[in-house]
Amino acid sequence: MANGQWYPPEWPERIRALAAGTLTPATPRRAATVMLLRDAGGVEVHMLRRRTSMKFAAGAYAYPGGGVDPRDDDRLVRWAGPTRAEWAERLGVPEGEAQAIVCAAVRETFEEAGVLLAGPTPDTVVDDTTGGRWQADRQALIDRDLSFAEFLANRGLVLRSDLLGAWARWITPEFEPRRYDTWFFVAALPAGQRTSDDSSEADRTVWIRPGRAAAEYDRGELTMMPPTIATLRTLAEYARVGDALGGATGRDLTPVLAQARMEEDELVLSWPGHDEFTKHIPTGKRESNGGASS
């Protein structure tokens, strides 16, 4: 391939099955991911390389993120920043779901990067998440032995929703067996905290300029899913973290969902509004010789 676009070899067969009506789309699971930013002579973003043993997007670079824990829908947590109603309007979901999605964003950042967007009061953030007790809590959250709402209550912490900015929303294509309805957020690395490189889902972590990461993707050196590279390209427009956080307010959260259609002797896979990801997949003789082309 000419770039680092993640493209599973089983997609053409699954696309045909979907078109033929023999594949029933899976229901997307709610998820959240966070583009954690810092100023280092320019904006840098924290990225993880997913372990090759992962069932979804193995070896691809991504941001900390994962599925929503339904236990966080109903139990109210101590909350700072925009109200749940305001988040519900911004994210396009009911209030309970909005809380759970924001909780997932903060929880996954803590689980995968060791960074916690919460503090003892509405205007503070914890300044150190290292040490045995913090690590034990991280592991309990990862194992789902502890809900995030319980974790916050046990620690007497306030979730700082004001430190998050909603950036984008992407839904995994209908022909994928593992589907996610994912909200992308931006957040700044809190003062005093540092990222951890011991994520259970990653074999490498990096701080990297969005423009550099995009260039390495373009050269085929970094593998990424379409939502990752698309959001990286938009981040590259900002010179400072504060500017990026300010820019989140006006971001369009209309869901992006891939579409597949037949055109003569090929399947065409596209993401509306993102022409660079369009794939033309031969359905006849050319497929056995060349595979998918971009």
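Scroll up for the structure.
First things first, this report covers the structure right here in the doc. (Residues numbered from 1 in each chain as written. Predicted model: local features only at pLDDT ≥ 70, side-chain atom pairs only at ≥ 80, totals over all residues. Heavy atoms only, no water.)

1. Some points on the overall build of the protein chain
Then, number 1: Helix and strand counts for the protein chain come out as nine helices and 14 strands.
Then, number 2: Taking 2.2 N^0.38 as the reference for a compact globule, 294 residues should give roughly 19 Å; the C-alpha atoms of the protein chain span a radius of gyration of 20 Å, in line with that estimate.
Then, number 3: Principal-axis analysis of the C-alpha atoms gives the protein chain an extent of 65 × 40 × 35 Å.
Then, number 4: Looking at the protein chain as a whole, 52% of its 294 residues are labelled buried. (Helix = DSSP H or I, 4+ residues; strand = E, 2+ residues; numbered from the N terminus. Rg over C-alpha atoms; globule rule 2.2 N^0.38 Å. Buried < 20%, exposed > 50% of the residue type's maximum accessible area, 1.4 Å probe, protein only.)

2. Comments concerning the packing of helix H4 (residues 132-142) against helix H5 (residues 148-155)
Helix-helix packing: each pair is described by the crossing angle between the helix axes and the interaxial distance.
Then, number 1: Two elements in contact, H4 and H5, have axes separated by 10 Å at closest approach and are oriented at 160 degrees. Of the possible angle classes, the one that applies to H4 and H5 is roughly antiparallel. As H4 runs across H5, the sense of the crossing is right-handed. Together, Arg133, Trp134, Asp137 and Leu141 of H4 and Phe148, Phe151 and Arg155 of H5 make up the contact between the two elements.
Then, number 2: Considered class by class, the residues forming the contact of H4 with H5 number four nonpolar, no polar and three charged. (Axes fitted to C-alpha atoms, helices over the stretch in contact; angles between N-to-C directions. Parallel < 35°, antiparallel > 145°, perpendicular 65-115°, else oblique. Left-handed = near helix turned anticlockwise from the far one by under 90°. Contact = heavy atoms within 4.5 Å. Nonpolar A, V, L, I, M, F, W, Y, C, P; charged D, E, K, R; others polar.)

3. Describing the packing of aromatic side chains
Then, number 1: Under the counting rule described, the total for this entry stands at nine aromatic pairs.
Then, number 2: Here tryptophan 170 and phenylalanine 277 contribute two aromatic rings whose centre-to-centre distance is 6.4 Å and whose plane-to-plane angle is 70 degrees, an arrangement assigned as edge-to-face. Here the residue tryptophan 170 occupies a position in strand S8 (residues 165-171), and phenylalanine 277 occupies one in strand S14 (residues 274-282), the gap between them amounting to 107 residues.
Then, number 3: Of the residues examined, tryptophan 170 reaches a relative accessible area of 4% and is grouped as buried. (Phe/Tyr/Trp six-rings, centres within 6.5 Å; stacked < 30°, edge-to-face > 60°.)

4. Re the sheet that holds strand S7 (residues 158-160)
Then, number 1: Taken in spatial order, the three strands line up as S5-S7-S6 in an open sheet, and their pairing is mixed. Where the open sheet ends on each side, the last strands, each with one partner, are strand S5 (79-80) and strand S6 (118-119). (Pairing = 2+ DSSP bridges.)

5. Some remarks on the pairing of strand S2 (residues 43-50)
Then, number 1: Across the eight residues of S2, seven count as buried, placing the element largely inside the fold.
Then, number 2: One ladder, built from three bridges, connects strand S1 (residues 29-39) with S2; its direction is antiparallel. Within S2, the residue paired with aspartate 39 across the bridge is valine 43.
Then, number 3: As judged from the two bridges shared by S2 and strand S3 (residues 61-62), these two strands associate in the antiparallel manner.

6. Quick look at the sheet that holds S14
Then, number 1: Pairing within the open sheet is antiparallel, and its three strands lie in the order S12-S13-S14. Each edge of the sheet is formed by a strand with only one pairing partner; in this case those strands are strand S12 (259-263) and S14. The mean angle between the axes of side-by-side strands here comes to 25 degrees, regardless of whether they run parallel or antiparallel.
Then, number 2: Relative to strand S13 (residues 266-271), S12 runs antiparallel, the two being bridged by five bridges. Across the sheet, the residue bridging to alanine 260 is leucine 269, located in S13.
Then, number 3: Its contacts with the sheet put helix H1 (residues 11-20) on S12, S13 and S14, and the angle it makes with S13 is roughly 95 degrees.

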